[in-house]
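Breakdown of the fold
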Amino acid sequence: MTRKVIITCAITGSVYTPTMSPHLPITPEEITQQSIAAVESGAAILHLHARDPDTGQPSADPEVFMQFLPRIKEQCDAVINITTGGSSLMTLEQRLRAALQAQPEMASLNMGSMNFGLFPLKNRYLQWQHDWEPQLVEATRDTVFKNTFADIEAILSQLGTSGTRFEFECYDVGHIQTLAYFLKQGAVKKPLFVQFVLGVLGGIDAAPENLMHMKAAADRLLGSDYQHSVLGAGHSQMSMATLNAILGGHVRVGLEDSLTIGKGELASSNAQQVQRIRRIVEELGFEIATPNEARQLLQLKGPDKVNF
């Protein structure tokens, strides 16, 4: 049987800002439209953040999430995955609000505290649409994204009781060790969905050797019955995804992770990136997993058990 590859599409995130691309979805309507198009192009999982509809600033407001979550669910059968990472400038309480209210099938979970450096982006732009943009980017020079062991325990206990399962985001090898600890303690259960995150300043860089090292570490520490995907930040998006598919894993694309579709060329939409990686994966001889196939593989609770 041909192996099924899950495509996750991260629609908007909190990394890039409106000045950086006119194609970045900002409003609930834009997030909805780009999400539906991504699913129609082959994405099985939608990884979702929210933004202030007027300014584009990252938002943790559940009311903003609820302007697009029900609409997406009504128009497609995608697995909806809500961030608990939000932004490094948000508190844990703020980051959890939307997921706790929505009780989605999946939520992201960063497996450790880290420097999350976006500040080099500030030098690429001379003019900004909004004052908050350069301020947010520069703030990451002296900000730590905080997810301590206690924070992770809180997220697991508060969301896990609703049946939400997790996209465990590992930005470095030590994060896999942390996940292995929680697995040993019985705080998380297999099958695990592990997202290797490469190319973020402060985490492991996006080199083929590092992806293979992450995979080897996960094999050793997590054992069998886990699924791995990869997020290659910026220009490494397609190359890391291609390699991970070859290594037996799944892929993540989207404008949260990269604004481009080729060197120096802005992606016109999330769907364009999904279409590109789908073509690559299929030409490698694999099939694209449907949302329901992803649910079965990851043992998710189903869309009828969410709170939106």
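Remember, predicted model here, so these are calculated numbers, not experimental data.

Criteria and thresholds
Residues numbered from 1 in each chain as written. Predicted model: local features only at pLDDT ≥ 70, side-chain atom pairs only at ≥ 80, totals over all residues. Heavy atoms only, no water. 1 Å grid on protein atoms, 1.4 Å probe; cavity = no way out; pocket = protein on both sides within 12 Å on 5 of 7 lines; lining within 4 Å. Points joined across faces, edges and corners; volume = space filled by probe spheres on them. Nonpolar A, V, L, I, M, F, W, Y, C, P; charged D, E, K, R; others polar. Phe/Tyr/Trp six-rings, centres within 6.5 Å; stacked < 30°, edge-to-face > 60°. Helix = DSSP H or I, 4+ residues; strand = E, 2+ residues; numbered from the N terminus. Buried < 20%, exposed > 50% of the residue type's maximum accessible area, 1.4 Å probe, protein only. Lys NZ or Arg CZ within 6 Å of the ring centre and 35° of its normal. Expected span 1.5 Å × (residues − 1). Contact = heavy atoms within 4.5 Å. Axes fitted to C-alpha atoms, helices over the stretch in contact; angles between N-to-C directions. Parallel < 35°, antiparallel > 145°, perpendicular 65-115°, else oblique. Left-handed = near helix turned anticlockwise from the far one by under 90°.

Before going further, it helps to examine the layout of surface pockets. By volume, the largest pocket is sized at about 880 Å³. In terms of lining, the largest pocket is formed by 43 residues, of which the most central are Val-15, Tyr-16, Leu-118, Ala-233 and Asp-257. Considering only residue class, the lining of the largest pocket consists of 20 nonpolar, 18 polar and 5 charged.

In this section: the packing of aromatic side chains. Under the definition given, this model contains 7 aromatic pairs. Judged by centre distance (5.7 Å) and plane angle (65°), the ring pair of Phe-116 and Tyr-171 falls under edge-to-face. Taken together, the residues span a long stretch of sequence, with Phe-116 in the loop between strand S8 (114-115) and helix H5 (132-139) and Tyr-171 in the loop between strand S10 (165-170) and helix H7 (173-184) at a distance of 55 residues. For Tyr-171, a relative accessible area of 6% gives the class buried. Ring centres of Phe-149 and Tyr-181 lie 5.9 Å apart, and the angle between their planes is 85°; this geometry places the pair in the edge-to-face category. Of this pair, Phe-149 sits in helix H6 (residues 149-160) while Tyr-181 sits in helix H7, and the two are 32 residues apart along the sequence. A network of ring pairs unites the aromatic residues Phe-149, Tyr-181 and Phe-182 as a single cluster. A cation over a ring is seen here: Arg-3 above Phe-286, with NZ or CZ 4.3 Å from the ring centre. The ring centre of Phe-308 lies 5.7 Å from the NZ or CZ of Lys-73, which sits over that ring.

Another point: H7. With 12 residues, H7 extends 17 Å between its outermost C-alpha atoms, agreeing within 8% with the 16 Å of an ideal straight helix rising 1.5 Å per residue. When we look at burial in H7, the residues that qualify are Val-173, His-175, Ile-176, Thr-178, Leu-179, Ala-180, Phe-182 and Leu-183. Contacts made by the buried residues of H7 are with S8, H6, S10, strand S11 (192-198) and helix H8 (208-222). Once H7 finishes, Gly-186 follows within two positions and takes phi at roughly 80°, a positive value.

What follows deals with the packing of H7 against H8. Two elements in contact, H7 and H8, have axes separated by 10 Å at closest approach and are oriented at 15°. As judged from the angle between their axes, H7 and H8 are roughly parallel. Crossing of H7 over H8 shows right-handed handedness. Packed against H7, whose contacting residues are Val-173, Ile-176, Gln-177, Leu-179, Ala-180 and Leu-183, the element H8 presents His-213, Met-214, Ala-217, Ala-218, Leu-221 and Leu-222 at the interface. Partitioned by chemical class, the residues of the contact of H7 with H8 number 10 nonpolar, 2 polar and no charged.

That is the geometry; function is a separate question.
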